[in-house]
Amino acid sequence: MQLVFATNNLNKLKEVQQLIPEHITLLSLKDIGCDVDIPETQNTIEGNAIQKANYIKTHYGYNCFADDTGLEVEALHGEPGVYSARYAGEQRDAHDNMNKLLANLENKNNRNAQFKTVVALHLNGTLETFIGICKGSIAETKYGVDGFGYDPIFKADGYTQTFAEIALDEKNRIGHRGKAIMQLVTFINEL
């Protein structure tokens, strides 16, 4: 079976490739000749994941899946949420986003947060969605050099290290994207 993962983010692609079983051939957007920055204009994480999957299915015809992820911070009423990638502006810079978030949390005691990933799968004419959530908190400052996005400031519940400090296989096991992708794999395996 071949599936397109509708992302241009090489870090996401690397994470997901570790989770997909060998009987599924994972194709990137580059593999199918798609160099478009797929629109993400919905006002929900679910909406963006579905929009990206619909785009690939409509324009390229492949069975595919897409994801969207948001960091939801309790003290900021769920911000940055669906706007996580562009929180500090259209430049989509992870360090700018983290700096803005840390500044907005200054003098706040409640640092509870969660990562939420929604994966939308187009497979043989049907659309399914899978949700992965990882609860945790926001660190006072950035720690670690691995990972991407908000990983240097997010600590999963039960961990003293940020996502940028733990091994990728551990992050995949406990993390939001890993949880959603494993639901997708289980769904496909049960077909």
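Residue numbers run consecutively from 1 along every chain, following the written order of its sequence. Reporting of local features is limited, given that this is a predicted model, to residues whose pLDDT is at least 70; pairs of side-chain atoms are given and counted only at 80 or more, and all residues count toward the totals for whole chains, interfaces and linings. Remark: hydrogens and water are excluded; side-chain values derive from all non-hydrogen atoms of the structure.

The protein goes by dITP/XTP pyrophosphatase in an unreviewed UniProt entry, where it is assigned to Bizionia algoritergicola. UniProt positions are given in the numbering used here, feature names are shortened, and annotations may be inferred rather than shown by experiment. Quoted straight from UniProt, the Subunit (unreviewed entry) entry for the protein says "Homodimer."

(A) Fine view of the nonpolar core. We call a set of buried Ala, Val, Leu, Ile, Met, Phe, Trp, Tyr and Cys residues a nonpolar core when their side-chain atoms join them within 4.5 Å. Relative accessible area decides the class of each residue, using a 1.4 Å probe on protein chains only: under 20% of the type maximum gives buried, over 50% gives exposed, and in between gives partly exposed. Judged by nonpolar contacts, the single largest core of 20 residues is most densely connected at L71, V73, L101, I138, Y150, F154 and F163. Counting residues per element, the ones that place at least two in this core are β3 (64-73), α3 (94-104), β5 (112-123), β6 (126-138) and β7 (154-156). Among the elements that take part in this core, α3 stands out by supplying 3 residues, more than any other. Discounting residues that sit within four places of it in the chain, L101 has contacts with L71, V73, L76, P80, Y87, I138, Y150 and I153. Listed in part, the 18 residues of the second largest apolar core include I24, F65, V119 and L184. For the purposes of this entry, the term helix denotes a DSSP run of H or I that reaches at least four residues, the term strand denotes a run of E that reaches at least two, and both are numbered from the N terminus. Whether two residues are in contact is decided by their heavy atoms, any of which lying within 4.5 Å being enough.

(B) Just the UniProt feature "active site" (unreviewed entry) in the protein, in detail. Feature annotation in UniProt places "active site" (unreviewed entry) on D68, given in this structure's numbering. Mapped onto the fold, D68 is located in strand β3. Here a polar contact means two N or O atoms within 3.5 Å. Within protein one must be a hydrogen donor candidate and the other an acceptor candidate, and residues neighboring in sequence count only if both atoms are side-chain atoms. At 3.2 Å, the side chain of D68 and the side chain of N48 are in polar contact.

(C) Spatial organisation of the environment of N8. Mapped onto the elements of the fold, N8 is located in the loop between β1 (2-5) and α1 (10-17). In this structure the C-alpha to C-alpha distance between N8 and L101, which are 93 residues apart in sequence, comes to 24 Å. Residues contacting N8, with those up to four places away along its chain left out, are L29, C34, V36 and D37. Side-chain polar atoms of N8 contact the backbone oxygen of V36, separated by 3.4 Å.

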